[in-house]
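Breakdown of the fold
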Amino acid sequence: MHLYGTQEVNETGHLTIGGVDTIDLAKTYGTPLFVYDLALIRKRARGFIETFKQLGVKAEVAYASKAFACVGIYQLAQEEHLSLDVVSGGELFTALQAKFPAERIHFHGNNKSYTELELAFDSKIGCIVVDNFYEIQLLKEISERKQQHMRILLRVTPGVEAHTHDFITTGQADSKFGFDLNNGQADQAFDEVKDHEYLELLGLHCHIGSQIFETDGFSLAAEKLMNKIGEWKEQSNFECSVLNLGGGYGIRYTEEDHPLEPQDYVSEMIKTVQALAEQLRLAMPEIWIEPGRSLVGDAGTSLYTVGSHKNVPNIREYIAVDGGMSDNIRPALYDAKYEAVIANRASHNKTNTYTVAGKLCESGDKLIVDAPLQQAEPGDVLAIFCTGAYGYSMASNYNRIPRPAVVFVEDGQHQLAIQRESYENIVQNDLPLSLKKSE
Ligand SMILES: *Cc1c(COP(=O)(O)O)cnc(C)c1O
C-alpha cells in the first residue's frame, strides 16, 4: 500500500496522518471529512522555492488556489512564502479575509467581470493575467477612471498539447483561454497594451494543461514564449521581466502515475529559458510558476463511513459511503482513479474487490470502480487517498447534501479548517413562495 506524506499505520492497525489517528478524527468531526497533511504541503512548497533559490533564479511560486481554497490554506501559503493565484472575486475575497499580502496575488480568468476587476484594483493586487480583448478594454476603462497603475501579464495559448486527459488540456489552439500565439492575436494584444499609461506589461503567461508528467511540454511552451518576447524586443524594444509558465505538474493518484519531483520540472524549464535568453540576447526574466494540484493533491485524504453493501452476483460488489460526487466530482467528470484503504483495518491484507459508490442519485456516482480493499463492514471508515486538489473546491450541494468538514493535521495536532455545512446552511438562502397563485 502506498502511503503519502506523514501517513502511517499505527499499532492498532489504524491509518494515521500527521500523527493523528484517522478513526479518532472521524469520531470527533464526523464523516465525510477531508484531512490535510500540512507537513506535506509545506514540503512541496519548499521543494519548488528551494530549487529556484539553488539555481539562483528570481521566481514567484504562486499557489493556484482553485485546487483548494479557504482562509486557513491561504494563511499556510503565506507562511510558506508562496504567492497566490485567484480566479474569481470569491477567491480574491477569501484571500483578503485571510490577510494574504495583496501584492503577491495574481488574478486569472477568461471572463472577469467589471466588479471583480474593480475589487482587484481597490485591493491593489500584484498582477492581473489578461485573457482577452474585452478584458483589455475593461482594464483600460478602470485604470483610467481610477488613475491607478496595474501590472499585467498576457495569457497566451502556445499551441502546445500536454499529454494528459483531453478535458483538462488547455494549451492547444482550440481553447477558451488566452490570446493565440500563432495567429496574430497575441501581437495585437501586445500592441493594445504596450504604451498604455496605467497598464504595465510584465511579460507572458501560459498554462499548458494539468496532471502532466513530462518536462517536454513545458520546455516547448517556454521556447515559443521566449521567441515571441524576442520578436517584441526587436520590434518595440520590449523588456520582458516575467515569464509565467503556469502549473500542471502531475501527482501520483495510483501506481500507474509516475510524477517527477518539483526540482526536476523546475530545473528543466529554467535551463530552457536560460539557454534561449542567451541565444536571443534577452535579460533572464523572473520565472513564475503556478502549481495547484502538486501542492495540495496528495496531502488531502477523504474519510467516509461505509454503509450499505450490494452484491451483483458474478458482476461486482458495491459498498456505499456517506458522500460521493457531491464532495468529489472528479471520477464522474474526468474518469479519475483513486486508491483507498479501510482505515480501521489498514494493517490487514486487501482480500476483497469493491466498487465504492456514493450516496447521490446518479448511477455514475462511483468513487472507485473495482478497488482492492480489506473486508468492509457497515460503520468502517474508508479513506480515499490524494483527494486534496479539486475535491472540496468542486463540492456541491447536489441532493441537498451538506458539504463536508475539512481538518488540518500536523505534529499530532488537529484543527477544523472548514466547518461541516448544516441543514440550516442548506436552506439559508431559500425564500418562501410569495407570488400569488392565479385563479
Ligand atoms: C488550474 C490552473 C493552474 C493549476 O493547475 P494544476 O494542474 O492544479 O497545477 C495553474 N495556472 C492556471 C492558469 C490554472 O488555470
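So, here's what we can say about the structure.

Basis of the calculations
Residues numbered from 1 in each chain as written. Predicted model: local features only at pLDDT ≥ 70, side-chain atom pairs only at ≥ 80, totals over all residues. Heavy atoms only, no water. Salt bridge = Lys/Arg side-chain N within 4 Å of Asp/Glu carboxyl O. Helix = DSSP H or I, 4+ residues; strand = E, 2+ residues; numbered from the N terminus. Core = buried A, V, L, I, M, F, W, Y, C linked by side-chain atoms within 4.5 Å. Buried < 20%, exposed > 50% of the residue type's maximum accessible area, 1.4 Å probe, protein only. Contact = heavy atoms within 4.5 Å. 1 Å grid on protein atoms, 1.4 Å probe; cavity = no way out; pocket = protein on both sides within 12 Å on 5 of 7 lines; lining within 4 Å. Points joined across faces, edges and corners; volume = space filled by probe spheres on them. Nonpolar A, V, L, I, M, F, W, Y, C, P; charged D, E, K, R; others polar. Domains from an automatic or database assignment.

**A few points about the pattern of salt bridges**
Applying the stated criterion across every chain yields a total of 20 salt bridges. Notably, a salt bridge pairs glutamate 118 with lysine 146, separated by 3.7 Å at the nearest N-O pair. On the criterion of sequence distance, the pair formed by glutamate 118 in helix H5 (residues 114-122) and lysine 146 in helix H6 (residues 133-146) is long-range, its members being 28 residues apart. Put simply, lysine 146 and aspartate 122 hold a salt bridge, and the shortest N to O gap is 2.8 Å. Here lysine 146 is found in helix H6, whereas its partner aspartate 122 is found in helix H5, with 24 residues between them in sequence. Within this structure, Arg42, Arg46, Glu79, Glu80 and Glu410 form a network of salt bridges that share partners.

**Focus on the nonpolar core**
In terms of nonpolar packing, the biggest core is built from 127 residues, with Phe68, Ile73, Ile128, Leu154, Val296 and Leu382 touching the most fellow members. Once you skip the residues sitting within four places of it in the chain, isoleucine 128 turns out to touch Phe107, Lys112, Leu117, Ala120, Phe121, Glu135, Leu139, Met150, Arg151, Ile152 and Leu153. Ranked by size, the runner-up nonpolar core spans six residues in total, among them Cys127, Val129, Leu153 and Val242.

**Things to note about the layout of surface pockets**
Estimates place the volume of the second largest pocket at around 490 Å³. In terms of lining residues, the second largest pocket is bounded by 23 residues, among which Thr254, Lys337, Tyr338, Ile368 and Val369 are the most central. Taken together, the elements giving at least two residues each to the lining of the second largest pocket come down to helix H11 (330-334) and strand S18 (366-373). Sort the elements by how many residues they give to the lining of the second largest pocket and S18 lands first, with seven residues. Considered class by class, the residues forming the lining of the second largest pocket number eleven nonpolar, three polar and nine charged. When residues of the lining of the second largest pocket are sorted by domain, at least three fall in each of domain 1 (8-31 + 300-387 + 389-419) and domain 2 (39-296).

These results come straight from atomic positions and should not be treated as a statement about function.
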